[in-house]
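Letter by letter, the chains look like this.
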Amino acid sequence: MTSIVKALAFAGALAVTSALTPAAFAAKTDINVGLPLEPPNLDPTSGAAGAIDSVTYSNIFEGLTRFGPDGGINPGLAQSWTISDDGLVYTFKLHEGVKFSDGTDMNADDVKFSLDRIGAEGSTNAQKALYADIASVEVVDPLTVKVTLTKPNGNILFNLAWGDAVIVAPESADNNATNPVGTGAFVLKNWAKGDQIELARNENYWGEPAKLDKVVFKVIADPNAAFAAVMAGDVDSYMAFPAPENLPQFDADPRFRVVAGSTEGETILSTNNKMPPFDNIKVREALAHAIDRKAIIDGAMFGYGTPIGTHFAPHHPSYVDLTAQSNFDPEKAKALLAEAGFPDGFKTTLKLPPPSYARRGGEIIASQLRNVGIETEISNLEWAQWLEQVFKGKDFGLTIVSHTEPLDIGIYARPDYYFQYDSAEFQKIIEDLNNATDPQEQPPSSGGPEKDRRRLCQRLSVSACQYRRRQCQADGCVGKCPDPGSRHDRRLLGGLKFRTCQAGAAYGFRHSHCAN
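Residues numbered from 1 in each chain as written. Predicted model: local features only at pLDDT ≥ 70, side-chain atom pairs only at ≥ 80, totals over all residues. Heavy atoms only, no water.

J.: Sorry, what's going on with helix α7 (residues 281-290) here?
T.: In terms of residue burial, α7 counts as a mostly covered element, since seven of its ten residues are buried. Those residues of α7 that sit buried are Val 283, Arg 284, Ala 286, Leu 287, Ala 288, His 289 and Ala 290. (Buried < 20%, exposed > 50% of the residue type's maximum accessible area, 1.4 Å probe, protein only. Helix = DSSP H or I, 4+ residues; strand = E, 2+ residues; numbered from the N terminus.)

Here it is as structure tokens:
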């Protein structure tokens, strides 16, 4: 069974500071961060755009649990929890004295409201399928919540750490898109749309206070403008720097430091599996063999990438190298197209979101597909258009996008997801993994060894490649820039909770000091 998600997993970032000495930089009380994409809104529970979490997660909003530097699950707003012997009941003990940024108390009623809201009728939560096993949420007392599941789910603590499950208040939830009210270490001070988003320290934060007074996210989408901003010192850190061709210049400049590493993000050339001819498995297999991933990595990202054979990060202990199953073989691709009834190829659409990995990679992929007879009509979309047409409307043949969520191979078990892959066999594998409570049987998110994940990866034949994480920092940025040691535990080394997930961000990076 083949779901062609072919690609170029991107997770690059560039962070840079002005040329200050370490002592001078340590005295800074603010930081400017470059963003390649502006979030469509600031409510992580209401949309799929990764740029929302880049600004808000663990900065403005927090959940019951949070991801740690190693990808494990750490306490968040819940200081502890217990699990019943049958794996159906999770009882969370909340931290005392937590307040929302508007001064109101956060308690068990807010937790119940937030979790019930995910699956409520009319919910726009992009990941509500992750919480479908929640049967009920009961307030035991103001600081205790009991969550009962319909069946055991070994991933539930992991899922509760996602931005889609942050805790919000019923009084302010409807306005969080433009006026976010959360429990995090920062509050929104100003949003000049199209320009920048300014956060200020939450002086009433319940946990360890942020060391910085202010963080400004500057939206700089154009690669040339991003390069100029870094060189001029207009940003202290740039997330997902869009022009890897500039990295050698930064590397040669003593003011900056460039660090490359891996990510959890897979950028995929996705097929609409219910749209002819992509409902034909031989057509999808043909696509797999028509794509030269190495050429895409070299051409779009100047070599910063790693081919992968499935929707799984190669740095993970459970990764299985399946690249040989979709090796570059144009003649085989042509033969498969002929077997599928398309000896002369066909025409389709290729709808691309704004990031440079998609636009640059799309041109290269279109050329490669043309060589086997597949003509693509490229449409360059803004994010709002892409979300409406592709993600929600499913109106596309092919698209390229980076999936930044950790261990998200389970999306292929969701037939209603935007690429509409529907395999009962694969769904059963994911269900078995999710239902496992024995650490020997659980998926890697639970920390156990994982024999079934290998079987899962082998059954899902995909073709992909993962871009290496790219970042640059100025000398003297040490101790003040975002810590890329984790996709999840987003802090500045100086103490600022700072979650920066964008296209391709992930946990498990090599340690450095400025990052996406």
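J.: What exactly am I supposed to notice about the confidence of the model for the protein chain here?
T.: If pLDDT is low for a region, its predicted coordinates should not be looked at in detail. Per-residue confidence for the protein chain gives a mean pLDDT of 80; residues scoring 70 or more make up 78%. Counting contacts from residues 1-19, a segment whose pLDDT is below 50, to residues more than four positions away or on other chains yields 145 contacts. (pLDDT = per-residue confidence, 0-100. Contact = heavy atoms within 4.5 Å.)

J.: Would you mind going over the sheet that holds strand β12 (residues 237-238) with me for this structure?
T.: Each strand in a sheet pairs with another by means of backbone hydrogen bonds, the pair being arranged parallel or else antiparallel. Read from one edge of the open sheet, five strands run β9-β10-β11-β2-β12, paired in mixed fashion. Looking at strand neighbours, the two that pair on one side only are β9 (186-192) and β12, the edges of this open sheet. As paired strands, strand β10 (residues 196-201) and strand β11 (residues 214-219) are joined by five bridges and run antiparallel to one another. Paired with Gln 196 across the strands is Lys 218, a residue of β11. (Pairing = 2+ DSSP bridges.)

J.: Would you explain the pairing of β11 in this entry?
T.: Two faces belong to every sheet, and in a regular strand the side chains alternate between them. Note that strand β2 (residues 30-35) and β11 share six bridges and pair parallel. The residue of β11 that forms the bridge with Ile 31 is Val 215.

J.: Can you walk me through the packing of aromatic side chains in this structure?
T.: Each aromatic ring pair is summarised here by two numbers: the centre-to-centre distance and the angle between the ring planes. Under the definition given, this model contains 20 aromatic pairs. Relative to Trp 206, the ring of Tyr 205 has its centre 5.5 Å away and its plane inclined at 50°; by these criteria the two rings are tilted. An aromatic cluster is built from Trp 383, Trp 386, Phe 391, Phe 396, Tyr 412, Tyr 417, Tyr 418, Phe 419, Tyr 421 and Phe 426, whose rings are joined through pairwise contacts. Lying across the ring of Trp 191, Lys 193 places its NZ or CZ 4.7 Å from the centre. (Phe/Tyr/Trp six-rings, centres within 6.5 Å; stacked < 30°, edge-to-face > 60°. Lys NZ or Arg CZ within 6 Å of the ring centre and 35° of its normal.)

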